[in-house]
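Listed below, chain by chain, are the residues.
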Amino acid sequence: MSQGNTSKSIILPLIISIVAISFAAIFVKWSSAPATILSMYRMVLASLLLLPIVWFKRREFQKLTSKEWLLLCLSGLFLALHFALWFGSLKLTTVASSTIILALQPIVSLIGGAILFKERTTKTALMTMGIAVLGAVMVGWGDFGLNKSAIVGDILSFLSVIVVVGYLLIGQKVVKKVSHWIYSFCVFGFASIALIVYNISTQVNLGGYDSKEWGIFILLAVVPTISHVINNWLMNYVNATTISMSILGEPVGATILAAIFLGERLVGWQIIGGILVLLGVFMFLMQQLNRHKKIE
């Protein structure tokens, strides 16, 4: 597949990714299981689902150096922390409130990319990013809480942003060495190990969950995890900041789904904010694709 054709073909996967990941917050809200248990079973089951594909691509493991294995382990640890922190934040605050902090992800990613990879951006990209971030803030501000529980949830959400950007930046470097299937499997596997060790060491109950909870574990392992696999594939063609910008569509989707399935209220400025997010993300992605065409 040529770079030009790739540039044209990433829009649909990005849309699928945004829709899939928007369901994560809903599934977490439906569950009464601890955040680290939800995270653990999501990663364990996702790893198992990838096994058949990974088996046919197992020779790719030989391409990895000791340094790259270390990076994969670190990436898995970051992903485990992201899920544990963000799922924890959702236990303490509303879906919309949590998204106001998640809106910082592309900014953190932009800074990280500039420091680690000397990536440059344009004034137009910054402007479109600003539009999307402003929209995400408007989506979340309607339910932004000032009570103790909500503040703790917001802090956890911000920490989850820091570690997920670390996960994406490592992926930007390593995923080009092997297929996104192998990368995803390794990262999910290391995340599973980290979460299993944490839950056992803190004596969190690993069993005793009813069929409803197991259904939620499976849904988390399948639906929103599709987004991570797609994003890992996209790392072959775009940088972590572009992925982070596309993920800004999640607050819009998650807030709409929360209004439908959880009865969380949706006010006028949140609707306007959602439109601004989608507009900003669309303009940013179009600008990035145009840059790729000029480079070609």
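Owing to the predicted nature of the structure, the values given are computational and were not obtained by experimental measurement.

Undergrad: So what's going on with the overall build of the chain? Residues and values would help.
TA: Across its full length, the chain holds 14 helices and zero strands. A fraction of 91% describes how many contacts in the chain between residues 6 or more apart in sequence connect residues 24 or more apart. In the structure as shown, the chain presents an accessible area of about 13400 Å², 72% of it carried by carbon and sulfur atoms.

Undergrad: Help me get a handle on the pattern of salt bridges, residues and values and all.
TA: Per the stated rule, a full pass over the model turns up one salt bridge. Between Glu-68 and Lys-177 there is a salt bridge; the shortest N-O distance is 3.0 Å. With a gap of 109 residues between them, Glu-68 in helix 5 (residues 66-90) and Lys-177 in the loop between helix 9 (148-174) and helix 10 (180-201) connect regions that are remote in the sequence. Classification of Glu-68 by relative accessible area gives buried; the value is 15%. On the basis of relative accessibility, which here comes to 33%, the residue Lys-177 falls in the partly exposed class.

Undergrad: Kindly report on the packing of aromatic side chains, identifying the contributing residues and their values.
TA: A complete count under the given rule lists 13 aromatic pairs for this structure. Relative to Phe-190, the ring of Trp-69 lies with its centre 6.3 Å away and its plane at 85 degrees, an arrangement referred to as edge-to-face. Taken together, the residues Trp-69 in helix 5 and Phe-190 in helix 10 connect sequence positions 121 residues apart. The exposure class assigned to Phe-190 is partly exposed, which follows from its relative accessible area of 23%. Members of the aromatic cluster, joined through ring pairs, are Phe-23, Phe-27, Trp-30 and Phe-261. Just above the ring of Trp-55 sits the side chain of Arg-58; from NZ or CZ to the centre is 4.0 Å.

Undergrad: Explain helix 10 to me, and be specific about the residues and the numbers.
TA: Compared with an ideal rise of 1.5 Å per residue, which puts 22 residues at 32 Å, helix 10 spans 31 Å between its outermost C-alpha atoms and is within 8% of the ideal. Taken residue by residue, helix 10 has His-180, Ile-182, Tyr-183, Ser-184, Phe-185, Cys-186, Val-187, Phe-188, Ala-191, Ser-192, Leu-195 and Asn-199 as its buried positions. Once helix 10 ends, the next one or two residues include Gln-203, with phi positive near 60 degrees.

Undergrad: Talk me through unusual backbone geometry; I want residue IDs and the actual numbers.
TA: Its identity as a non-glycine residue notwithstanding, Gln-203 has a phi of 60 degrees, on the positive side. By secondary structure assignment, the location of Gln-203 is in the loop between helix 10 and helix 11 (211-234). On the basis of relative accessibility, which here comes to 72%, the residue Gln-203 falls in the exposed class.

Undergrad: Describe the packing of helix 12 (residues 240-247) against helix 13 (residues 249-261), naming the residues involved and giving the relevant values.
TA: For the pair helix 12 and helix 13, interaxial distance at closest approach is 4 Å and the crossing angle is 20 degrees. In terms of orientation, helix 12 and helix 13 fall into the roughly parallel class. Across the interface between the two elements, Met-245, Ser-246 and Ile-247 of helix 12 pack against Gly-249, Glu-250 and Pro-251 of helix 13. Partitioning the contact of helix 12 with helix 13 into residue classes produces three nonpolar, two polar and one charged.

Undergrad: Account for the nonpolar core, with residues named and values stated.
TA: In terms of nonpolar packing, the biggest core is built from 59 residues, with Leu-38, Phe-87, Tyr-183 and Phe-217 touching the most fellow members. Within the residue set of this core, elements represented by two or more residues are helix 3 (24-30), helix 4 (35-56), helix 5, helix 9, helix 10, helix 11 and helix 12. By residue number, the principal contributor to this core is helix 4, which donates ten residues. With sequence-adjacent residues up to four places away left out, Tyr-183 is seen in contact with Leu-72, Ser-75, Tyr-167, Ile-170, Gly-171, Val-174, Val-175, Val-178 and Asn-232.

Undergrad: Tell me about the side chain of Ser-184, residues and numbers included.
TA: Residue position: Ser-184 is located in helix 10. For Ser-184, a relative accessible area of 0% corresponds to the buried category. Excluding residues that lie within four positions of it along the chain, Ser-184 makes contacts with Leu-50, Val-229 and Asn-232.

Undergrad: Describe helix 11, and please don't skip the residues or the numbers.
TA: For helix 11, which comprises 24 residues, the first-to-last C-alpha distance of 35 Å matches the rise-based estimate of 34 Å (1.5 Å per residue) to within 8%. Along helix 11, the sharpest kink reaches roughly 45 degrees, centred on Thr-225. For helix 11, the N-terminal cap is Asp-210; the gap from its side-chain oxygen to the backbone nitrogen of Lys-212 is 3.2 Å.

Conventions and cut-offs
Residues numbered from 1 in each chain as written. Predicted model: local features only at pLDDT ≥ 70, side-chain atom pairs only at ≥ 80, totals over all residues. Heavy atoms only, no water. Helix = DSSP H or I, 4+ residues; strand = E, 2+ residues; numbered from the N terminus. Contact = heavy atoms within 4.5 Å. Areas by Shrake-Rupley, 256 points an atom, 1.4 Å probe, with all protein chains shown as cover. Salt bridge = Lys/Arg side-chain N within 4 Å of Asp/Glu carboxyl O. Buried < 20%, exposed > 50% of the residue type's maximum accessible area, 1.4 Å probe, protein only. Phe/Tyr/Trp six-rings, centres within 6.5 Å; stacked < 30°, edge-to-face > 60°. Lys NZ or Arg CZ within 6 Å of the ring centre and 35° of its normal. Expected span 1.5 Å × (residues − 1). Axes fitted to C-alpha atoms, helices over the stretch in contact; angles between N-to-C directions. Parallel < 35°, antiparallel > 145°, perpendicular 65-115°, else oblique. Nonpolar A, V, L, I, M, F, W, Y, C, P; charged D, E, K, R; others polar. Core = buried A, V, L, I, M, F, W, Y, C linked by side-chain atoms within 4.5 Å. Bend = angle between axes of the 7 residues up to and from the residue. Polar contact = N/O pair within 3.5 Å; in protein donor to acceptor, adjacent residues only side chain to side chain.

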